[in-house]
Amino acid sequence: GQQLNQSPQSMFIQEGEDVSMNCTSSSIFNTWLWYKQDPGEGPVLLIALYKAGELTSNGRLTAQFGITRKDSFLNISASIPSDVGIYFCAGQLPTYNTDKLIFGTGTRLQVFP
Amino acid sequence: GAVVSQHPSWVICKSGTSVKIECRSLDFQATTMFWYRQFPKQSLMLMATSNEGSKATYEQGVEKDKFLINHASLTLSTLTVTSAHPEDSSFYICSAYLTGNEQFFGPGTRLTVL
(Lines give C-alpha, C1' and ligand atoms only; values in the text may rest on other atoms or scores of the structure.)
Protein backbone atom coordinates (compact mmCIF):
# COMPACT_ATOMS: atom_id res chain seq x y z
CA GLY A 1 0.00 0.00 0.00
CA GLN A 2 0.91 3.65 -0.28
CA GLN A 3 3.11 5.13 2.44
CA LEU A 4 4.64 8.46 3.17
CA ASN A 5 8.40 8.74 3.60
CA GLN A 6 9.51 9.88 7.03
CA SER A 7 12.99 10.85 8.16
CA PRO A 8 14.91 10.17 10.17
CA GLN A 9 13.93 6.56 10.78
CA SER A 10 15.15 6.78 14.38
CA MET A 11 16.67 9.32 16.72
CA PHE A 12 18.62 8.97 19.93
CA ILE A 13 18.86 12.26 21.80
CA GLN A 14 19.58 13.61 25.23
CA GLU A 15 16.88 15.09 27.42
CA GLY A 16 16.49 18.78 26.77
CA GLU A 17 17.49 18.65 23.12
CA ASP A 18 15.22 19.75 20.31
CA VAL A 19 13.98 17.25 17.74
CA SER A 20 12.97 17.69 14.14
CA MET A 21 11.43 15.11 11.80
CA ASN A 22 9.79 15.40 8.43
CA CYS A 23 7.48 13.64 6.08
CA THR A 24 7.32 13.75 2.30
CA SER A 25 4.95 12.42 -0.30
CA SER A 26 4.63 12.26 -4.06
CA SER A 27 0.92 12.98 -3.66
CA ILE A 28 -0.90 16.08 -2.52
CA PHE A 29 -2.91 15.87 0.68
CA ASN A 30 -5.58 18.20 1.98
CA THR A 31 -4.74 17.52 5.62
CA TRP A 32 -1.58 16.48 7.42
CA LEU A 33 -1.68 14.86 10.83
CA TRP A 34 1.00 13.92 13.32
CA TYR A 35 0.51 11.01 15.74
CA LYS A 36 2.48 9.46 18.59
CA GLN A 37 2.30 5.76 19.32
CA ASP A 38 3.48 4.21 22.56
CA PRO A 39 4.42 0.48 22.60
CA GLY A 40 1.36 -1.75 22.47
CA GLU A 41 -1.05 1.16 22.05
CA GLY A 42 -2.96 2.85 19.27
CA PRO A 43 -1.74 6.17 17.85
CA VAL A 44 -2.77 9.41 19.52
CA LEU A 45 -3.26 12.61 17.55
CA LEU A 46 -0.76 15.37 18.35
CA ILE A 47 -1.36 18.04 15.74
CA ALA A 48 -3.62 18.48 12.72
CA LEU A 49 -2.81 20.81 9.81
CA TYR A 50 -5.51 21.88 7.36
CA LYS A 51 -4.01 24.58 5.14
CA ALA A 52 -0.88 24.74 3.01
CA GLY A 53 1.72 26.83 4.80
CA GLU A 54 -0.04 26.49 8.15
CA LEU A 55 2.20 26.48 11.21
CA THR A 56 0.59 25.09 14.36
CA SER A 57 1.86 24.60 17.90
CA ASN A 58 0.70 22.36 20.71
CA GLY A 59 2.81 22.96 23.79
CA ARG A 60 6.36 21.95 22.95
CA LEU A 61 5.29 20.61 19.56
CA THR A 62 5.27 22.64 16.37
CA ALA A 63 4.25 21.35 12.96
CA GLN A 64 3.99 22.88 9.51
CA PHE A 65 2.02 21.97 6.40
CA GLY A 66 4.27 22.43 3.40
CA ILE A 67 3.36 24.95 0.72
CA THR A 68 3.36 22.27 -1.98
CA ARG A 69 1.01 20.16 0.18
CA LYS A 70 3.42 17.26 -0.28
CA ASP A 71 5.37 17.56 2.95
CA SER A 72 5.23 18.42 6.62
CA PHE A 73 7.60 18.66 9.56
CA LEU A 74 7.25 18.21 13.30
CA ASN A 75 9.52 19.83 15.87
CA ILE A 76 9.69 18.92 19.55
CA SER A 77 11.47 21.40 21.77
CA ALA A 78 13.21 20.64 25.06
CA SER A 79 12.60 16.90 24.88
CA ILE A 80 11.70 14.95 28.01
CA PRO A 81 11.77 11.20 28.71
CA SER A 82 8.03 10.79 28.12
CA ASP A 83 8.52 11.94 24.52
CA VAL A 84 9.87 8.45 23.82
CA GLY A 85 7.77 6.64 21.25
CA ILE A 86 7.11 6.34 17.55
CA TYR A 87 5.93 9.39 15.67
CA PHE A 88 3.88 8.98 12.52
CA CYS A 89 2.79 11.54 10.00
CA ALA A 90 -0.40 10.86 8.10
CA GLY A 91 -1.93 12.42 5.04
CA GLN A 92 -5.67 12.53 4.73
CA LEU A 93 -7.31 11.78 1.41
CA PRO A 94 -10.89 12.82 0.91
CA THR A 95 -12.36 9.72 -0.70
CA TYR A 96 -16.03 9.67 -1.58
CA ASN A 97 -17.54 10.63 1.77
CA THR A 98 -14.87 9.07 3.94
CA ASP A 99 -11.46 10.51 4.72
CA LYS A 100 -8.79 7.81 4.50
CA LEU A 101 -5.43 8.17 6.21
CA ILE A 102 -2.12 7.20 4.68
CA PHE A 103 0.57 6.79 7.33
CA GLY A 104 4.24 7.57 7.16
CA THR A 105 6.98 5.07 7.84
CA GLY A 106 7.50 6.40 11.37
CA THR A 107 10.30 7.98 13.39
CA ARG A 108 11.35 6.14 16.51
CA LEU A 109 12.49 8.55 19.23
CA GLN A 110 14.64 7.60 22.20
CA VAL A 111 15.40 10.20 24.88
CA PHE A 112 18.20 9.62 27.35
CA PRO A 113 18.21 11.40 30.71
CA GLY B 1 -12.60 13.05 24.49
CA ALA B 2 -13.81 10.30 22.21
CA VAL B 3 -13.00 6.81 23.40
CA VAL B 4 -12.63 3.74 21.23
CA SER B 5 -12.20 0.31 22.76
CA GLN B 6 -11.05 -2.97 21.30
CA HIS B 7 -11.62 -6.47 22.57
CA PRO B 8 -9.70 -8.57 23.17
CA SER B 9 -6.46 -6.67 23.75
CA TRP B 10 -4.50 -9.78 22.88
CA VAL B 11 -5.29 -13.24 21.62
CA ILE B 12 -3.32 -16.40 20.92
CA CYS B 13 -4.87 -19.02 18.69
CA LYS B 14 -4.00 -22.17 16.80
CA SER B 15 -3.44 -22.14 13.10
CA GLY B 16 -6.66 -22.75 11.17
CA THR B 17 -8.99 -21.24 13.73
CA SER B 18 -10.96 -18.00 13.37
CA VAL B 19 -10.61 -15.00 15.62
CA LYS B 20 -13.07 -12.15 16.11
CA ILE B 21 -11.94 -8.68 17.19
CA GLU B 22 -14.45 -6.05 18.32
CA CYS B 23 -14.13 -2.29 17.95
CA ARG B 24 -16.51 -0.02 19.85
CA SER B 25 -16.91 3.73 19.98
CA LEU B 26 -17.96 4.31 23.58
CA ASP B 27 -19.21 7.86 23.65
CA PHE B 28 -20.12 8.75 20.08
CA GLN B 29 -21.70 7.26 16.99
CA ALA B 30 -19.16 6.68 14.27
CA THR B 31 -20.02 7.26 10.65
CA THR B 32 -17.21 5.02 9.59
CA MET B 33 -14.75 2.63 11.17
CA PHE B 34 -11.36 1.72 9.76
CA TRP B 35 -9.26 -1.38 10.32
CA TYR B 36 -5.47 -1.24 10.20
CA ARG B 37 -2.75 -3.83 10.53
CA GLN B 38 0.69 -3.11 11.93
CA PHE B 39 3.59 -5.56 11.74
CA PRO B 40 6.51 -5.19 14.19
CA LYS B 41 8.54 -2.04 13.63
CA GLN B 42 6.36 -1.04 10.70
CA SER B 43 3.71 1.54 10.04
CA LEU B 44 -0.06 1.22 10.12
CA MET B 45 -1.48 -0.14 6.89
CA LEU B 46 -5.14 0.40 6.14
CA MET B 47 -6.98 -2.86 5.54
CA ALA B 48 -10.55 -1.78 5.04
CA THR B 49 -13.12 0.94 5.48
CA SER B 50 -16.39 0.01 7.08
CA ASN B 51 -19.65 1.95 7.01
CA GLU B 52 -22.60 0.96 9.15
CA GLY B 53 -25.10 -1.16 7.28
CA SER B 54 -23.06 -1.58 4.12
CA LYS B 55 -20.29 -3.79 2.83
CA ALA B 56 -16.75 -2.91 3.77
CA THR B 57 -14.35 -1.50 1.19
CA TYR B 58 -11.06 -3.38 1.19
CA GLU B 59 -7.67 -2.02 0.23
CA GLN B 60 -5.79 -3.60 -2.60
CA GLY B 61 -4.16 -6.87 -1.59
CA VAL B 62 -6.42 -7.48 1.43
CA GLU B 63 -8.51 -10.65 1.06
CA LYS B 64 -12.12 -9.86 1.88
CA ASP B 65 -12.98 -13.53 2.39
CA LYS B 66 -10.21 -13.90 4.93
CA PHE B 67 -10.81 -10.70 6.85
CA LEU B 68 -14.55 -10.50 7.39
CA ILE B 69 -15.86 -7.16 8.59
CA ASN B 70 -19.28 -6.63 10.08
CA HIS B 71 -20.49 -3.17 11.00
CA ALA B 72 -23.79 -3.84 12.72
CA SER B 73 -24.29 -0.48 14.40
CA LEU B 74 -22.86 3.01 14.61
CA THR B 75 -20.85 2.00 17.66
CA LEU B 76 -19.62 -1.52 16.81
CA SER B 77 -17.54 -3.06 14.07
CA THR B 78 -16.02 -6.53 14.14
CA LEU B 79 -13.09 -8.00 12.24
CA THR B 80 -12.94 -11.77 11.93
CA VAL B 81 -9.70 -13.33 10.81
CA THR B 82 -10.77 -16.62 9.27
CA SER B 83 -8.54 -19.69 9.12
CA ALA B 84 -5.72 -17.77 10.75
CA HIS B 85 -2.12 -18.66 9.94
CA PRO B 86 1.15 -17.57 11.57
CA GLU B 87 1.66 -14.89 8.91
CA ASP B 88 -1.57 -13.24 10.13
CA SER B 89 0.08 -12.56 13.47
CA SER B 90 0.08 -8.80 13.82
CA PHE B 91 -1.23 -5.81 15.75
CA TYR B 92 -4.73 -4.95 14.56
CA ILE B 93 -5.94 -1.41 15.24
CA CYS B 94 -9.35 0.07 14.55
CA SER B 95 -10.41 3.68 14.40
CA ALA B 96 -13.81 5.30 14.58
CA TYR B 97 -14.55 8.33 12.48
CA LEU B 98 -17.18 11.02 12.60
CA THR B 99 -17.57 12.94 9.33
CA GLY B 100 -15.80 16.29 9.52
CA ASN B 101 -13.94 15.22 12.64
CA GLU B 102 -10.86 13.11 13.26
CA GLN B 103 -10.25 9.39 13.46
CA PHE B 104 -10.11 8.14 17.04
CA PHE B 105 -7.98 5.04 17.43
CA GLY B 106 -8.51 2.01 19.59
CA PRO B 107 -5.73 0.56 21.77
CA GLY B 108 -5.12 -2.31 19.36
CA THR B 109 -5.37 -6.10 19.50
CA ARG B 110 -2.28 -8.23 19.31
CA LEU B 111 -2.93 -11.50 17.47
CA THR B 112 -0.50 -14.38 17.71
CA VAL B 113 -1.19 -17.46 15.60
CA LEU B 114 0.72 -20.57 16.60
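Please refer to the structure placed before this passage.
Just so it is clear, the structure is predicted and the values come from calculations on it, not from any experiment.

Reading the values: the criteria
Here the residue numbers are simple positions, counted from 1 along each chain's written sequence. Ligands are numbered from 1 and chains lettered from A, in the order in which they are written. Only residues with pLDDT of at least 70 are given local features in this predicted model, and only at 80 or more are side-chain atom pairs given and counted; all residues enter the totals for whole chains, interfaces and linings. Side-chain numbers come from the whole structure's heavy atoms, not from hydrogens or water. We count a stretch as a helix when DSSP gives it H or I for four or more residues in a row; a strand needs E for two or more, and each element gets its number in order from the N terminus. Only protein chains enter the accessibility calculation, which uses a 1.4 Å probe; a residue is then buried when its area is under 20% of its type maximum, exposed when over 50%, and partly exposed in between. Here, residues are in contact when the closest pair of their heavy atoms is within 4.5 Å. Buried area, as used here, totals the accessible surface that two parts lose on assembly, with accessibility defined by a 1.4 Å probe and the loss added over both. A side-chain nitrogen of Lys or Arg and a carboxyl oxygen of Asp or Glu constitute a salt bridge if their distance falls within 4 Å. Strand pairing is assigned whenever DSSP identifies at least 2 bridges connecting the two strands. All axes here are fitted lines through C-alpha atoms, helices being fitted over the stretch that makes contact, and every angle between N-to-C directions spans 0 to 180 degrees.

Participant: Honestly, unusual backbone geometry in this entry has me stumped. Any pointers?
Facilitator: Negative phi characterises most residues that are not glycine, and trans characterises most peptide bonds. The omega torsion across Ser7 of chain A and Pro8 of chain A is -5 degrees, close enough to zero to call that bond cis. Relative to the helices and strands, Pro8 of chain A is located in the loop between strand E1 (5-7) and strand E2 (10-14). The linkage connecting His7 of chain B with the following residue, Pro8 of chain B, adopts the cis geometry, with an omega of 0 degrees. Along the polypeptide, Pro8 of chain B turns up in the loop between strand E1 (4-7) and strand E2 (10-13). Not every positive phi belongs to a glycine, and Arg69 of chain A is a case in point at roughly 65 degrees. Along the chain, the position of Arg69 of chain A falls in the loop between strand E7 (61-65) and strand E8 (71-76). We classify Arg69 of chain A as partly exposed; its relative accessible area is 31%. Although it is not a glycine, Ser83 of chain B adopts a positive phi angle of roughly 45 degrees. By the secondary structure assignment, Ser83 of chain B is in the loop between strand E8 (76-81) and strand E9 (90-97).

Participant: What is the right way to read the interface of chain A and chain B from this model?
Facilitator: As a measure of interface size, the accessible area lost when the parts come together is often cited. In this complex, chain A contributes 21 residues to the contact, which on the side of chain B involves 22 residues. Between chain A and chain B, the buried area comes to about 1600 Å², and carbon and sulfur atoms account for 54% of it. One can count one salt bridge joining chain A with chain B. One salt bridge connects Lys100 of chain A with Glu59 of chain B, and the closest N-O pair in it is separated by 2.9 Å.

Participant: For this particular structure, what's the right way to read the sheet that holds E8 of chain A?
Facilitator: Think of a sheet as strands paired side by side through backbone hydrogen bonds, with each pair either parallel or antiparallel. All names here are of chain A. Across the sheet, which stays open at both edges, the five strands sit in the order E1-E3-E8-E7-E6 with antiparallel pairing between neighbours. The open sheet terminates on both sides in strands that have one partner only, identified here as E1 and strand E6 (55-58). Strand-to-strand, the axes of this sheet are offset by a mean angle of 15 degrees, without reference to chain direction. Judged from the six bridges that link them, strand E3 (residues 19-24) and E8 form a sheet pairing that is antiparallel. Looking across to E8, one finds that Val19 is bridged to Ile76.

None of the figures reported here should be taken as evidence of function without further support.
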